[in-house]
Amino acid sequence: FLESENWPEGPELMKVCEFDRAHFPFPWSIESWMETQISPKNYLLSTFYDQSGILKAFSLWRVSREEELLHLLKIVVGPGMRRRGLGETLLQETVKMAGSHGMGRFYLEVEEGNFGAIRLYEKLGFNKLHLTKNFYGKSRNCLKMLKSLK
């Protein structure tokens, strides 16, 4: 768990980067993805591949061991797999696995108007903390949410 030898390198990381670029409205740059390799122990990447080895979804978390906290940076599910429970399963399994390794809190930001995501996060036990105005740009507010296991 959370060890650098598990962090994808080269072609595997590029698959995630390309998937992000193809399916997320605000993808990270290649440089940002490469920076995760500098300190991979600070990140957790959960991926889902189909039986053919095609990436279908991923979640990326920033890890703070001192705070026993995982911060969801992004979750991306490919268009053909949306609304089938894959994102929910990916989040549940990551929280379960991280919780078994001492991580007790899970934090995220979600755009205020993303009602489907907000419902999912609430279903999974995330609580609204507060609203941050213009977090994603002018008139694009976010809700900050937290799930505690302890």
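Here is a short report on the structure shown in this document. Remember, it's a predicted structure, so these values are computed and weren't measured experimentally.

### Some details on helix H4 (residues 115-123)
Turning to H4, its buried residues are Ala-117, Ile-118 and Tyr-121. Relative to the axis of H4, the buried residues are bounded by an arc of 100° and lie together on one face. Exposed and oriented more than 90 degrees from the buried face of H4 are Phe-115, Arg-119 and Lys-123. Buried positions along H4 lie against strand S3 (69-77), helix H3 (86-99), strand S4 (105-111), strand S5 (127-132) and strand S6 (142-148).

### Quick notes on the pairing of S6
Across the 7 residues that make up S6, a large majority, 6, are buried. By the bridge criterion, 7 bridges tie S4 to S6 in an arrangement that is antiparallel. Residue pairing in the sheet places Val-110 in a bridge with Leu-143 of S6. In the sheet, S5 pairs with S6 via 5 bridges, with the strands oriented antiparallel. Note that in S6 the partner of Thr-132 across the bridge is Cys-142.

About the criteria used
Residues numbered from 1 in each chain as written. Predicted model: local features only at pLDDT ≥ 70, side-chain atom pairs only at ≥ 80, totals over all residues. Heavy atoms only, no water. Buried < 20%, exposed > 50% of the residue type's maximum accessible area, 1.4 Å probe, protein only. Helix = DSSP H or I, 4+ residues; strand = E, 2+ residues; numbered from the N terminus. Arc of directions from axis to C-beta. Contact = heavy atoms within 4.5 Å. Pairing = 2+ DSSP bridges.

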